[in-house]
Amino acid sequence: MGNLCAGRVAIVTGAGRGLGREYALMLAEQGAKVVVNDLGATAAGEGADLTPAQSVVEAIRDAGGEAIVNGNDVSDWGGAKALIDEAVGTFGRLDVLINNAGILRDRMMVNMTEQEWDSVINVHLKGTFAPSHHAAQYWRQEAKRRGSPVGARLINTSSASGLFGNVGQTNYGAAKAGIAAFTIISATELRQYGITVNAIAPRAQTRMTEGLRERTEEDIKRRNPRWVAPIVVWLASEESRDVTGRVFEAGDGILKIAEGWHAGPGIEPVEDPNELGPKVAELLKQARPNADIWGRDIVS
């Protein structure tokens with residue numbers, strides 16, 4: 001075991017399987033006390049089962065670490081607050097919140113139902129905001145009580161689908177793009193309390209991604225969630241105090257800082273829309289290609 005996160009208390013949502021499980025295990029390996037939150041639903045968000053979360057807690061305890069199970073629904077306002085309260089009530093403090101819970105309801109936009117849209121937005125976007133809100137309130141109160149910054153860490157989960165787009169995922173991509181924006185804005189708002197806010201766009205083979213593309217055995221090894229966990233654990237540590245408002249792509253053989261929208265080529269305003277055609281065509285020639293996550297140009 002290491003000591004990068006020794007003495008720190010961390011919540012990981014969606015920690016029963018996949019990425020969240022690896023985050024929780026590695027945090028514990030580095031000395032953190034971990035709240036393993038997982039409703040235990042299917043990848044589509046149906047049902048509930050605490051068995052996966054309990055398995056992670058048992059693995060941590062068997063290795064000599066400290067962890068507890070929490071089965072709250074993070075998209076529920078009261079449930080999210082109860083999650084934060086349980087961490088503080090059990091371990092006496094909270095230093096890290098990793099928002100990782102998520103579901104998939106993939107469908108082409110023209111066929112997507114209202115419920116498929118709402119459920120994905122609710123779990124990903126509200127399920128990031130609600131625990132973040134309650135954690136930030138706790139940290140702000142702590143900063144005021146101490147009269148000094150708290151050194152807290154908020155780590156969210158975006159996606160290549162949100163950053164670059166992916167067919168069949170308008171709901172998921174919209175939520176993940178929203179989380180990236182939420183991260184950048186929250187980082188600005190919370191800096192004064194000593195809270196850093198960053199996000200991960202993971203490239204990993206999990207139950208949510210295994211059916212999206214055909215992959216070789218070597219691809220799957222490179223996409224093991226274990227490769228994403230180190231940057232998450234480092235961001236959870238005190239060493240990352242100067243890093244905030246960033247989105248990291250991690251896994252599948254890379255660790256990159258993602259860069260958001262940039263101002264492109266422009267012209268003076270045009271009053272008559274009849275004159276815009278040639279001018280817009282010239283702007284498009286000057287602009288960078290708009291590519292999807294596989295590098296294909298999606299705007300002619």
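Residues numbered from 1 in each chain as written. Predicted model: local features only at pLDDT ≥ 70, side-chain atom pairs only at ≥ 80, totals over all residues. Heavy atoms only, no water.

Peer 1: Describe the packing of aromatic side chains, with residues and values.
Peer 2: To describe a pair of aromatic rings, you give the distance between the ring centres and the angle between the ring planes. What the rule picks out here adds up to two aromatic pairs. Look at tryptophan 77 and phenylalanine 129: their rings are 5.5 Å apart centre to centre, the planes differ by 35°, and that puts the pair in the tilted class. Within this pair, whereas tryptophan 77 is found in helix H3 (residues 77-91), its partner phenylalanine 129 is found in helix H4 (residues 114-146), the two being separated by 52 residues in sequence. Taking relative accessible area as the criterion, tryptophan 77 reaches 36% and is therefore assigned partly exposed. Taken together, a centroid distance of 6.4 Å and an interplanar angle of 85° make the contact between phenylalanine 129 and phenylalanine 182 edge-to-face. Here phenylalanine 182 lies in helix H6 (residues 170-190) and phenylalanine 129 lies in helix H4, a separation of 53 residues in the sequence. The rings of Trp77, Phe129 and Phe182 are connected pair by pair, giving a single aromatic cluster. (Phe/Tyr/Trp six-rings, centres within 6.5 Å; stacked < 30°, edge-to-face > 60°. Helix = DSSP H or I, 4+ residues; strand = E, 2+ residues; numbered from the N terminus. Buried < 20%, exposed > 50% of the residue type's maximum accessible area, 1.4 Å probe, protein only.)

Peer 1: Just give me the short version of the environment of alanine 160, but keep the residues and values in it.
Peer 2: Its location among the elements puts alanine 160 in helix H5 (residues 160-164). The class for alanine 160 is buried, based on a relative accessible area of 17%. Spatially, the C-alpha atom of alanine 160 lies 7.9 Å from that of arginine 203, the residues being 43 residues apart in sequence.

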